[in-house]
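# Per-entry structural report
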Amino acid sequence: MRAETQNHADKIEKSLDLLAQRLDWDTAQHRLEEFNARVEDPNLWDDPAAAQKLMRERQQLVDAMETYTSMKQDLADQIELIELGEMEEDEEVVAEAEAAIAALVDKAAKKELEALLNGETDGNDAFLEIKAGAGGTEACDWANMLARMYVRWAEKRGFEVDLQEEQSGAEAGIKSATYQIKGPNAYGWLKSESGTHRLVRISPFGKGTRETSFAAVGAYPVIDDNIEIEVNPADIRIDTFRSSGAGGQHVNTTDSAVRITHAPTGIVVTSSEKSQHQNRDIAMKALKSRLYQMELDKRNAEVNALHEAKGDAGWGNQIRSYVLQPYQMVKDLRTNYETADTSGVLDGDLDPFMAATLAMNVAGKSRADAQAED
């Protein structure tokens with residue numbers, strides 16, 4: 001086997017070792033059997049929420065086991081093909097197997113990163129907030145572009161997107177929007193997007209000048225019912241009203257809405273669903289999500305990256321820069337990862353940015369360290 005191919009195989013083996021550790025492979029089959037036994041319980045669906053959570057956890061385990069098994073077998077098969085091809089001096093077979101191993105390196109690295117999403121709430125659904133910052137109409141249009149970007153990202157992953165609140169801009173775009181994004185590890189991925197996003201472009205509103213706009217993004221985990229967050233009824237004000245906003249082809253939205261204001265923290269959450277009861281339930285979950293995130297931040301000795309980066313939506317608090325004029329470039333200011341494919345990024349191709357941030361966090365490198373290397 002050529003040295004380069006051996007190096008690829010070694011990288012895959014390391015990724016598989018990490019996957020096995022994260023999965024706790026020695027007990028995985030036993031845990032699956034326990035899940036299967038619970039699924040067969042005739043009373044399972046007496047509590048639909050608990051049943052759905054159980055089914056999702058089981059499926060995540062099944063997917064992880066199948067991924068690990070298939071990659072391990074694939075690597076073994078390709079190594080065997082190389083050995084047979086070398087014995088028979090069949091260069092075509094060897095070349096095809098080497099190409100397959102090279103492709104498997106990227107897949108294994110991606111799954112390795114996903115395995116590192118093992119924070120307390122990484123596997124949860126997420127609330128995603130987008131707010132226009134400095135820049136007036138330009139910023140509202142930019143916030144709308146970001147909303148579309150994240151909806152497209154979620155759609156590509158097969159996630160469900162529910163629009164909870166949207167406030168239209170005076171002339172164009174949106175002042176703010178809140179989505180609930182449902183899917184495996186939704187929060188684990190989206191948490192890296194919290195912060196200020198800066199856009200540089202030629203104004204589309206007839207000015208013909210180059211403009212800089214800002215928008216703030218915040219991601220928060222949807223909190224499971226088994227995590228206790230106490231909310232004093234005397235601390236909240238509940239308002240009902242009719243919502244407005246175009247929504248989108250793949251975004252669920254309705255005309256009724258509930259707004260909850262939490263006086264001690266100033267947190268405001270909104271939900272637009274099919275019934276007032278459903279709205280209150282979702283809005284309370286959103287409020288508990290925000291309060292839970294605040295509590296997590298207090299527990300951490302270091303400043304959580306979510307709030308370190310967020311700040312005001314303006315200069316000095318940016319995590320990513322999107323330049324459309326005079327050149328094409330999207331660059332993350334924490335990891336220095338960049339690409340000239342601005343159209344792809346704005347169409348939802350965000351995985352490389354999220355993966356780079358996750359890898360940086362796992363390596364223990366701070367935002368300041370990453371910036372100092374620029």
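Keep in mind that what you see is a predicted model, and the values were worked out from it rather than measured.

Rules of the game
Residues numbered from 1 in each chain as written. Predicted model: local features only at pLDDT ≥ 70, side-chain atom pairs only at ≥ 80, totals over all residues. Heavy atoms only, no water. Helix = DSSP H or I, 4+ residues; strand = E, 2+ residues; numbered from the N terminus. Buried < 20%, exposed > 50% of the residue type's maximum accessible area, 1.4 Å probe, protein only. Core = buried A, V, L, I, M, F, W, Y, C linked by side-chain atoms within 4.5 Å. Contact = heavy atoms within 4.5 Å. 1 Å grid on protein atoms, 1.4 Å probe; cavity = no way out; pocket = protein on both sides within 12 Å on 5 of 7 lines; lining within 4 Å. Points joined across faces, edges and corners; volume = space filled by probe spheres on them. Nonpolar A, V, L, I, M, F, W, Y, C, P; charged D, E, K, R; others polar. Salt bridge = Lys/Arg side-chain N within 4 Å of Asp/Glu carboxyl O.

Turning our attention to unusual backbone geometry. If a residue is not glycine, its phi is most likely negative; likewise, a peptide bond is most likely trans. With an omega of 5°, the peptide bond between Q325 and P326 qualifies as cis. Its identity as a non-glycine residue notwithstanding, E89 has a phi of 55°, on the positive side. On the secondary structure map, E89 appears in the loop between α3 (48–87) and α4 (91–115). Positive phi, close to 70°, is recorded for N336, a residue that is not glycine. Relative accessible area serves as the criterion here: at 22%, N336 is assigned to the partly exposed category.

On to the nonpolar core, then. Counting residues in hydrophobic clusters, the biggest one holds 41 residues, and the most contacted among them are I130, L146, Y150, Y179, L190 and Y322. The residues contacting I130, other than those within four sequence positions of it, are A143, L146, A147, Y150, K175, S176, A177, Y179, A216 and V217. Within the second largest apolar cluster, 16 residues are counted, among which are A9, L75, V94 and L104.

This part is about the layout of surface pockets. Quantified by volume, the largest pocket comes out at close to 1,100 Å³. Around the largest pocket, the lining comprises 31 residues; the ones closest to its centre are Q60, L61, A64, L117 and N185. Going through the elements one at a time, α1 (3–23), α2 (25–39), α3 and α4 are the ones with two or more residues in the lining of the largest pocket. Broken down by element, the lining of the largest pocket gets its largest block of residues, 10 residues, from α3. In terms of residue class, the lining of the largest pocket is built from 11 nonpolar, eight polar and 12 charged.

Locating T178 in the fold gives a position in strand β3 (residues 174–182). Note on T178: relative accessible area 14%, which makes it buried. Ignoring anything within four residues of it in the chain, the contact list for T178 reads L128, E129, D162, L163, Q164 and E165.

In total, this model carries 21 salt bridges according to the counting rule given. Among the salt bridges present, the one from E57 reaches K53, with a minimum N-O distance of 2.6 Å. Within this pair, E57 and its partner K53 are both found in helix α3, separated by four residues, close to a single helical turn. Note that D349 and K156 form a salt bridge whose closest N and O atoms lie 2.7 Å from each other. Here D349 is found in the loop between α9 (342–346) and α10 (351–363), whereas its partner K156 is found in helix α5 (residues 136–156), with 193 residues between them in sequence. On the basis of relative accessible area, D349 is assigned to the partly exposed category, the value being 36%. Given the relative accessible area of 43%, K156 is considered partly exposed.

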